[in-house]
Amino acid sequence: MKEYQKLNIILGWIVFSIASSVYLLTIESTVSFWDCGEYIAAAYKLLVGHPPGAPFFQMIGRMFTMFTPPDMAAKMINIMSALCSSFTILFLFWTITALAKLMMLKSGKVEMTKDVSFAILASGLVGALAYTFSDSFWFSAVEGEVYSMSALFTAATFWAIFKWESVADEKHADRWIVLIAYLLGLSIGVHLLGLLTIPALAFVYYFRKYKVTRKGLVITSVVSVMVLFVVQYVIIQGIVKLASKFELFFVNGLGGPFGSGLIVYALLIIAGVVWLLNWSWKNNRPVLNTAVLCFTMILIGYSSYGMIVIRSSA
């Protein structure tokens with residue numbers, strides 16, 4: 001098993017190296033003629049892009065262009081996309097091997113022999129390299145658009161749920177769930193495609209924790225859609241709408257200074273989170289505790305949108 005784990009890590013990084021080499025050798029030398037020009041300019045100057053914006057993408061893009069002359073900005077952000085895509089391939093390889101290992105070993109009919117290890121690793125290589133050279137992914141990998149970074153968050157999120165699955169019965173295993181929530185929060189600042197992993201994540205959780213029944217499948221489907229609804233409409237939209245109402249009430253209604261409502265609103269959220277975490281810990285409510293932590297981590301990741309407010313004010 002240790003030898004398999006070692007080979008799994010080594011082959012993953014080999015696949016990453018192949019993908020990186022291919023994408024870096026074939027990147028666009030300058031801007032592609034569609035949204036890429038806007039994203040590159042917005043990242044280079046930290047401007048406000050078209051709604052809903054991609055603040056996390058722009059901040060990372062700014063880091064890549066910070067020490068380069070203006071005529072290199074487009075190429076540096078194209079390089080960023082290439083590296084995001086090759087990291088996507090890395091996580092895809094590890095996800096495929098995790099899935100193949102589950103399929104072969106969970107039935108109890110197959111032991112972890114050298115032949116089985118070879119078959120699992122070979123499936124990872126074939127799947128990851130096939131996706132590396134697929135038409136649509138290769139095109140997005142070599143230009144300054146959000147889809148390569150969005151794919152990275154999708155791949156990392158799905159890899160993380162299988163890391164949780166492998167240690168689900170161990171103490172502190174839910175830290176992987178909290179990490180997934182943070183990755184989803186960050187992905188909102190790139191593209192909302194990452195949220196589409198939520199139903200799949202829910203089913204992985206269900207298959208690992210519960211006996212599979214028709215009723216359980218229906219309940220899991222409904223719960224996954226509800227979680228997606230809460231993230232999409234309650235957290236992403238509702239949190240901001242409620243903040244604007246607080247601000248209007250304190251500024252227009254009470255005559256407070258600009259930003260006073262937002263400060264009170266933020267303090268109330270922090271106080272509520274701290275109280276719920278403390279209460280759930282003292283009363284041994286691990287599910288509630290994890291849910292509050294996930295909510296908090298999504299908000300922390302989502303806070304990248306503060307950049308748009310700051311830069312639009314500037």
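Residues numbered from 1 in each chain as written. Predicted model: local features only at pLDDT ≥ 70, side-chain atom pairs only at ≥ 80, totals over all residues. Heavy atoms only, no water.

Before going further, it helps to spend a moment on the overall build of the protein chain. Along the protein chain, the regular secondary structure elements total 13 helices and zero strands. Counting helices and strands in the order they occur from the N terminus, the protein chain gives α-α-α-α-α-α-α-α-α-α-α-α-α. Overall, the C-alpha framework of the protein chain stretches about 75 × 60 × 30 Å when taken along its three principal axes. Relative to its 314 residues, the protein chain shows a buried fraction of 43%. Taking as baseline every contact in the protein chain between residues at least 6 positions apart, the subset at least 24 positions apart corresponds to 70%. Here the protein chain displays about 17,400 Å² of accessible surface, and carbon together with sulfur accounts for 72% of that area. Distance from the positive charge centre (22 side chains) to the negative charge centre (15 side chains) of the protein chain: 13 Å. (Helix = DSSP H or I, 4+ residues; strand = E, 2+ residues; numbered from the N terminus. Buried < 20%, exposed > 50% of the residue type's maximum accessible area, 1.4 Å probe, protein only. Contact = heavy atoms within 4.5 Å. Areas by Shrake-Rupley, 256 points an atom, 1.4 Å probe, with all protein chains shown as cover. Lys, Arg positive; Asp, Glu negative; His and termini not counted. Charge placed at Lys NZ, Arg CZ, Asp CG, Glu CD.)

As a further point, take the nonpolar core. Ranked by internal contacts, the top residues of the largest apolar core, which has 76 residues, are Tyr23, Phe57, Met149 and Ile161. If you tally residues by element for this core, the top one is helix α4 (residues 73-105), at 14 residues. Setting aside residues no more than four positions away along its own chain, Tyr23 makes contact with Ala82, Ser85, Ser86, Ile89, Tyr131, Thr132, Phe137, Trp138, Ala141 and Val142. (Core = buried A, V, L, I, M, F, W, Y, C linked by side-chain atoms within 4.5 Å.)

This next bit is on the state of the cysteines. Counted according to the given criterion, the structure contains zero disulfides. Here Cys36 stays free of any disulfide, with the sulfur of Cys84 as its closest cysteine sulfur at 14 Å. (Disulfide = S-S within 2.5 Å.)

Right, let's talk about the packing of α4 against helix α5 (residues 114-132) for a bit. The geometry of α4 relative to α5 is characterised by a closest axis approach of 8 Å and an angle of 145 degrees between their N-to-C directions. Judged by the twist between their axes, the crossing of α4 over α5 is right-handed. Residues Ile89, Leu92, Phe93, Ile96, Thr97, Ala100, Lys101 and Met104 of α4 lie in contact with α5, whose contacting residues are Val116, Ala119, Ile120, Leu121, Ser123, Gly124, Leu125, Gly127, Ala128, Tyr131 and Thr132. (Axes fitted to C-alpha atoms, helices over the stretch in contact; angles between N-to-C directions. Left-handed = near helix turned anticlockwise from the far one by under 90°.)

Here we come to the pattern of salt bridges. Applying the stated criterion across every chain yields a total of two salt bridges. Arg208 serves as the salt-bridge partner of Glu165, at 3.3 Å between the closest nitrogen and oxygen. You can see Glu165 sitting in helix α7 (residues 147-166) and its partner Arg208 sitting in helix α9 (residues 198-209), a full 43 residues away along the chain. Look at Glu165 and you get buried, because its relative accessible area is 10%. Here Asp169 and Arg208 are joined by a salt bridge, their closest N and O atoms 3.0 Å apart. (Salt bridge = Lys/Arg side-chain N within 4 Å of Asp/Glu carboxyl O.)

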